[in-house]
Amino acid sequence: AQKITQTQPGMFVQEKEAVTLDCTYDTSDQSYGLFWYKQPSSGEMIFLIYQGSYDEQDATEGRYSLNFQKARKSANLVISASQLGDSAMYFCAMREGYFGNEKLTFGTGTRLTIIP
Amino acid sequence: GAGVSQSPSNKVTEKGKDVELRCDPISGHTALYWYRQSLGQGLEFLIYFQGNSAPDKSGLPSDRFSAERTGGSVSTLTIQRTQQEDSAVYLCASSYGGAGGETQYFGPGTRLLVL
């Protein structure tokens, strides 16, 4: 079974609209972390936001927020007021288990295109 | 401050040759990771170094792949007898490690093409 599932291979969104990128995960660990990264056409992976499994509140970073639904094992990324510069690939990733085993497992990504 | 740096940025080699890829982590980061991004394969973990602990090599695809980290800083990923399926972008990341410092920051990658 896939540990990280991103079901939207591509999305087109009008500039200034909000967009939600879906991510579901599969783990039996109680302690884990969820990450979102942005990869523009230049290729570099840019960290956006992090949610720990024990965090009681949804993470927010500027225009990015993470809609964390633990019971449903979902960690969707919400981008408010989208901009042309948001066009990129977006990856959801998970760190499982307690610290000391911090490798990330990535989803297949969603290619987001912002339309002017 | 300076981010993670990788060299070379691009490498073209012939099948059967050995290649070395270098990663300089962010200063002060104790954890260093190598990942590979291939077309159709997504991002896959290769190897993880944390301080002086034995590295987690569980992601290395074959014994042609090896990595070392000298002095707890710079790391080199070596691919021996390269094959065409080794063509990919090799990404290095570093983090402080441990609770509160687990966010991994990535370098720009090395694009490897094996002819």
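Residues numbered from 1 in each chain as written. Chains lettered and ligands numbered in written order. Predicted model: local features only at pLDDT ≥ 70, side-chain atom pairs only at ≥ 80, totals over all residues. Heavy atoms only, no water.

Asker: Honestly, the overall build of chain B in this entry has me stumped. Any pointers?
Answerer: In terms of regular secondary structure, chain B is built from 0 helices and 10 strands. Counting from the amino terminus, helix and strand elements in chain B follow one another as β-β-β-β-β-β-β-β-β-β. Taken over C-alpha atoms, the radius of gyration comes to 14 Å for chain B, in line with the 13 Å a tight globule of 115 residues would show. For chain B, contacts bridging at least 24 residues in sequence account for 55% of all contacts bridging at least 6. Of the accessible surface of chain B, which amounts to about 5500 Å², a share of 47% is contributed by carbon and sulfur atoms. Between the averaged position of the 10 positive side-chain charges in chain B and that of its 11 negative side-chain charges there is a distance of 4 Å. (Helix = DSSP H or I, 4+ residues; strand = E, 2+ residues; numbered from the N terminus. Rg over C-alpha atoms; globule rule 2.2 N^0.38 Å. Contact = heavy atoms within 4.5 Å. Areas by Shrake-Rupley, 256 points an atom, 1.4 Å probe, with all protein chains shown as cover. Lys, Arg positive; Asp, Glu negative; His and termini not counted. Charge placed at Lys NZ, Arg CZ, Asp CG, Glu CD.)

Asker: Which parts of the structure should I look at to understand a nonpolar patch on the surface?
Answerer: Residue and element names in this part refer to chain B. A cluster of nonpolar side chains, namely Val12, Leu113 and Leu115, defines an oily patch on the protein surface of about 280 Å² accessible area. Along the chain, Val12 falls in strand β2 (residues 10-13). Residue Val12 is classed as exposed on the basis of its relative accessible area, which comes to 53%. (Patch = residues over 30% accessible without salt bridge, like charges linked within 9 Å, V, L, I, M, F, W, Y side chains within 5 Å. Salt bridge = Lys/Arg side-chain N within 4 Å of Asp/Glu carboxyl O. Buried < 20%, exposed > 50% of the residue type's maximum accessible area, 1.4 Å probe, protein only.)

Asker: When you look at the sheet that holds strand β1 (residues 5-7) of chain B in this model, what are you seeing that I'm missing?
Answerer: The strands making up a sheet are joined through hydrogen bonds of the backbone, oriented either antiparallel or parallel. Residue and element names in this part refer to chain B. A sheet is described by the order of its strands in space; here 4 strands give the open sequence β1-β3-β7-β6, paired in antiparallel fashion. Of all strands in the sheet, those bounded by a partner on one side alone are β1 and β6 (65-69). Sheet twist, expressed as the mean angle between neighbouring strand axes with direction ignored, is 15 degrees. As defined by bridge partners, strand β3 (residues 19-24) adjoins strand β7 (residues 75-79) across 5 bridges and the pair is classed as antiparallel. Paired with Glu20 across the strands is Thr78, a residue of β7. (Pairing = 2+ DSSP bridges. Axes fitted to C-alpha atoms, helices over the stretch in contact; angles between N-to-C directions.)

Asker: Honestly, the nonpolar core in this entry has me stumped. Any pointers?
Answerer: For soluble globular proteins, nonpolar side chains are generally found buried alongside one another. In this structure, A:Tyr25, A:Trp36, A:Ile49, A:Leu77, A:Tyr90 and A:Leu112 are the most contacted members of the largest nonpolar core, which totals 25 residues. Broken down by secondary-structure element, the contributors of at least two residues to this core are β2 (10-14), β3 (19-21), β5 (32-39), β6 (46-52), β8 (64-69), β9 (74-79), β10 (88-96) and β12 (110-115) of chain A. No other element matches β10(A), which puts 4 residues into this core. Among the nonpolar cores identified, the runner-up in size contains 19 residues, and B:Val4, B:Val19, B:Cys23 and B:Val114 belong to it. (Core = buried A, V, L, I, M, F, W, Y, C linked by side-chain atoms within 4.5 Å.)

Asker: Before we go on, may I ask you to explain the pattern of salt bridges in this structure?
Answerer: Pairing of side chains with opposite charge becomes possible as their charged atoms draw close. Residues and elements named next belong to chain A. Summed over the entire model, instances satisfying the criterion amount to 6 salt bridges over all chains. Here Asp86 makes a salt bridge to Arg63, at a shortest N to O gap of 2.8 Å. On the criterion of sequence distance, the pair formed by Asp86 in the loop between β9 and β10 and Arg63 in the loop between β7 (60-61) and β8 is long-range, its members being 23 residues apart. Classification of Arg63 by relative accessible area gives partly exposed; the value is 22%.

Asker: Please clarify how the environment of A:Ser80 should be interpreted in this entry.
Answerer: Residue and element names in this part refer to chain A. With respect to the secondary-structure elements, Ser80 resides in the loop between β9 and β10. Between the C-alpha atoms of Ser80 and Ser65, which are 15 residues apart in sequence, the distance is 8.3 Å. With residues up to four places along the chain from it excluded, the contact list for Ser80 reads Glu17, Ala18 and Arg63.

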